[in-house]
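In case you want the letters, here they are:
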Amino acid sequence: MNAQKKPATAANPLGQKPVSVLLSEFAIPSIIAMLVSALYNIVDQFFIGHYVGMLGNAATNVAFPLTMSCTALALMCGIGGAANFNLNLGRGNQKKAARYAGNAAVMMLALGLILCIFTKLFLKPMMLAFGATDQTLAYSLTYTGITSFGFPFLIFTTGGSSLVRADGSPRFSMMCTLTGALVNTALDALFMIKFDLGIQGAAWATVTGQVLSAALVAFYLKRFKTVPLTRECFLPKAACFGNIARLGMSPCINQFAMMVVQIVLNNVLTYYGARSAYGSDIPLACAGIISKVGMMFFSIVIGISQGMQPIVSFNYGAKQYSRVIEAVWKSIACATAISIVAFLCFQIFPRQIIGLFGQESEEYFQFAERYFRIYLFFTFVNQFQPIVANMYTSIGKAGAGALMSLTRQILFLMPLLIILPKFFGLEGAMFAAPIADFVAFLVTGSMLLLETRKLKNASQSIT
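What about the overall build of the protein?
Broken down by element type, the protein carries 16 helices and zero strands. Taken over the C-alpha trace, the protein has a radius of gyration of 22 Å; the compact-globule value for 463 residues is 23 Å, and the two agree within 12%. For the C-alpha atoms alone, the extent of the protein along its principal axes is close to 75 × 45 × 35 Å. A burial count over the protein gives 62% of its 463 residues as buried. If you average the places of the 32 positive and of the 16 negative side-chain charges in the protein, the two averages end up 19 Å apart.

Here's the deal with the packing of helix α11 (residues 321–348) against helix α16 (residues 426–462)
As a packed pair, α11 and α16 sit with axes 8 Å apart at the nearest point and diverge in direction by 155 degrees. The orientation of α11 with respect to α16, classified from their angle, is roughly antiparallel. When you trace α11 past α16, the crossing you get is left-handed. From α11, Tyr 321, Ser 322, Val 324, Ile 325, Val 328, Trp 329 and Ile 332 reach across to α16, where they touch Leu 448, Leu 449, Thr 452, Leu 455, Lys 456, Ala 458, Ser 459 and Ile 462. Among the residues forming the contact of α11 with α16, the class breakdown is 11 nonpolar, three polar and one charged.

Overview of the pattern of salt bridges
All chains considered together, the criterion is met by eight salt bridges. Here Glu 25 makes a salt bridge to Lys 17, at a shortest N to O gap of 2.6 Å. Lys 17 sits in the partly exposed class, given a relative accessible area of 31%. Measuring nitrogen to oxygen at the nearest pair gives 2.6 Å for the salt bridge that ties Arg 370 to Glu 427. Of this pair, Arg 370 sits in helix α13 (residues 362–375) while Glu 427 sits in helix α16, and the two are 57 residues apart along the sequence. Under the relative-accessibility criterion, Arg 370 is labelled partly exposed at 41%.

Section: the confidence of the model for the protein
Per-residue pLDDT for the protein has a mean of 87; in total, 97% of the residues score no lower than 70. A low-confidence stretch, residues 1–7 stays under pLDDT 50, and its non-local contacts, those more than four residues away or across chains, total 15 contacts.

Things to note about unusual backbone geometry
The backbone of Asp 196 shows a phi angle near 55 degrees, a positive value even though the residue is not glycine. Residue position: Asp 196 is located in the loop between α7 (170–194) and α8 (198–221). A residue is classified by how much of its surface remains accessible, and Asp 196, at 64% relative accessible area, is exposed. Of note in this structure, Lys 319 is not a glycine but carries a positive phi near 60 degrees. Within the secondary structure, Lys 319 is located in the loop between α10 (281–317) and α11.

A short note on helix α6 (residues 151–166)
Since the α-helix advances by 3.6 residues per turn, residues separated by three or four positions end up pointing in the same direction. In this model, α6 (16 residues) spans 23 Å end to end at C-alpha, consistent with the 22 Å of a helix rising 1.5 Å per residue. Among the 16 residues in α6, 15 count as buried, and that is most of the element. Backbone geometry just after α6 places Gly 168 at a positive phi near 90 degrees.

Quick look at the side chain of Asn 382
Here Asn 382 shows up in the loop between α13 and α14 (384–394). Under the relative-accessibility criterion, Asn 382 is labelled buried at 15%. The residues contacting Asn 382, other than those within four sequence positions of it, are Phe 297, Phe 298 and Asp 437.

What to know about the side chain of Thr 379
Relative to the helices and strands, Thr 379 resides in the loop between α13 and α14. In this structure Thr 379 touches Phe 297, Ser 339, Ala 342, Phe 343 and Phe 346, once residues within four positions along its chain are discounted.

Some words on a nonpolar patch on the surface
On the surface, Phe 431, Ile 435, Phe 438, Val 439, Leu 442 and Val 443 cluster together into a nonpolar patch covering about 450 Å² of accessible area. By secondary structure assignment, the location of Ile 435 is in helix α16.

Topic: the nonpolar core
Most often, soluble globular proteins keep nonpolar side chains buried together rather than apart. The biggest cluster of nonpolar side chains holds 136 residues, and the ones touching the most others in it are Met 127, Tyr 364 and Tyr 371. Look past the residues within four positions of Met 127 in its chain and what remains in contact with it is Val 62, Leu 66, Ala 132, Leu 137, Ser 140, Leu 141 and Thr 144. Counting 12 residues, the second-largest nonpolar core is a separate cluster that includes Val 43, Ile 48, Tyr 143 and Ile 199.

Regarding the packing of aromatic side chains
Counted by the stated rule, this structure contains 23 aromatic pairs. Note on Tyr 220 and Phe 224: the rings are 5.9 Å apart at their centroids and 75 degrees apart in plane angle, and the pair reads as edge-to-face. With respect to burial, Tyr 220 and Phe 224 carry one shared label: buried. Taken together, the ring pairs connect Phe 343, Phe 377, Phe 378, Phe 380, Phe 384, Phe 438 and Phe 441 into an aromatic cluster. It is Lys 120 that lies over the ring of Phe 149; its NZ or CZ is 3.5 Å from the centre.

Some points on the environment of Ile 302
Structurally, Ile 302 can be placed in helix α10. A sequence separation of 275 residues divides Ile 302 from Ala 27, and the C-alpha atoms of the two residues are 9.3 Å apart. With residues near it in sequence (within four places) discarded, Ile 302 still touches Met 34 and Gln 255.

What to know about the packing of α6 against α8
For the pair α6 and α8, the least separation of the axes is 8 Å and the interaxial angle reads 35 degrees. Where α6 crosses over α8, the handedness of that crossing is left-handed. In this structure, α6 uses Phe 153, Leu 154, Phe 156, Thr 157, Gly 160 and Val 164 to contact α8, whose residues at the interface are Gln 210, Val 211, Ser 213, Ala 214, Val 217, Ala 218, Tyr 220 and Leu 221.

Observations regarding the environment of Pro 13
Structurally, the position occupied by Pro 13 is in the segment before α1 (19–51). Between the alpha carbons of Pro 13 and Tyr 278 there is a distance of 56 Å; along the sequence they are 265 residues apart.

Thresholds, definitions, all that
Residues numbered from 1 in each chain as written. Predicted model: local features only at pLDDT ≥ 70, side-chain atom pairs only at ≥ 80, totals over all residues. Heavy atoms only, no water. Helix = DSSP H or I, 4+ residues; strand = E, 2+ residues; numbered from the N terminus. Rg over C-alpha atoms; globule rule 2.2 N^0.38 Å. Buried < 20%, exposed > 50% of the residue type's maximum accessible area, 1.4 Å probe, protein only. Lys, Arg positive; Asp, Glu negative; His and termini not counted. Charge placed at Lys NZ, Arg CZ, Asp CG, Glu CD. Axes fitted to C-alpha atoms, helices over the stretch in contact; angles between N-to-C directions. Parallel < 35°, antiparallel > 145°, perpendicular 65-115°, else oblique. Left-handed = near helix turned anticlockwise from the far one by under 90°. Contact = heavy atoms within 4.5 Å. Nonpolar A, V, L, I, M, F, W, Y, C, P; charged D, E, K, R; others polar. Salt bridge = Lys/Arg side-chain N within 4 Å of Asp/Glu carboxyl O. pLDDT = per-residue confidence, 0-100. Expected span 1.5 Å × (residues − 1). Patch = residues over 30% accessible without salt bridge, like charges linked within 9 Å, V, L, I, M, F, W, Y side chains within 5 Å. Areas by Shrake-Rupley, 256 points an atom, 1.4 Å probe, with all protein chains shown as cover. Core = buried A, V, L, I, M, F, W, Y, C linked by side-chain atoms within 4.5 Å. Phe/Tyr/Trp six-rings, centres within 6.5 Å; stacked < 30°, edge-to-face > 60°. Lys NZ or Arg CZ within 6 Å of the ring centre and 35° of its normal.

Below you can see the structure in the form of structure tokens.
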């Protein structure tokens, strides 16, 4: 038999090391990398809030859907490529695994360029569609017009980090993102405080950090350690693109769903805010900050989920189903503990968290505190959906993964955001999220129990 077709569990630590050890090795760097990636937006929000003001923060909220688009495309290519890479390694097919890694990198760059060009061509209509008001439009155009230059680099960094982790180098993956974020923070301070460049300075700082991070990922791909990536691996192949997109569709759909919900939410807050005592700009600015703070928590969950992916994919490919079950449930346990801590912080300290991003009117803080507590109430069950969706992706069940990704955002939250405000105004927009969170938890929890039972039966049939 060809040696490339033999499962390589003995030679690969993913099939041999204790699952707890592997989760620690892969998830911790992944969590740090995701947190640092989220910090790009948080740091900009901090400096813009203090040196531009509420309208600047509202403008970054308007631009945020495009950042989410970048993340969606990056996760499709990165997780889809990494899942195919690890599944084929588990089956012993190293040449095919290398081809998937190379084609995933090509997809990232191509999609990044397409999104950049599309944004340049339709910038103003997009900003208006995303909820920009007369007062925030100019800021939105300036900020997004500059940050769009960084889209190819952001997608390549975020997606490429998944490939670096899949190759067994989670710490280098973390370093790629961390280096860019540190540069972004330093340049934010330099451009906005020293040179008084305002929102333009924040945008150029972000792009510079993204370029540096992407350069580090490219450096690593030339030195892939599990299998060499030859020039042939980077030749585009339609079959590879299709399989990468198929297994990466679940996290991609989840991010695009979040983007669509953010656009709808921006417009709902603008429309019903204008008919309230708060006006349209206060809800828009508060929602931007709260969404990004929520993404900090969510980044930890996604980091755990991404750290789980190589372990689950490799062991599923090697038919070591008991290790798959163990990895999934231990990931759920870790994410649950973190979710409870996040819930307590969001409920107890909303004013202090909002205050980090600038001092505004008392009316602003009153709305922000109430929004914070209601919108993020079911944070302690939000970990189930991304982990269960990624579990299905990791074992090659793309359809189920895509369905799980649609539950919270599209199937539940979107209709509630449209319906509830018609009856309850801004209050309806706030309560839509916790209702959707709880129903999504019931669905994904049931699917998790069902899949666990199937894996146990498959494991018993082998033994």
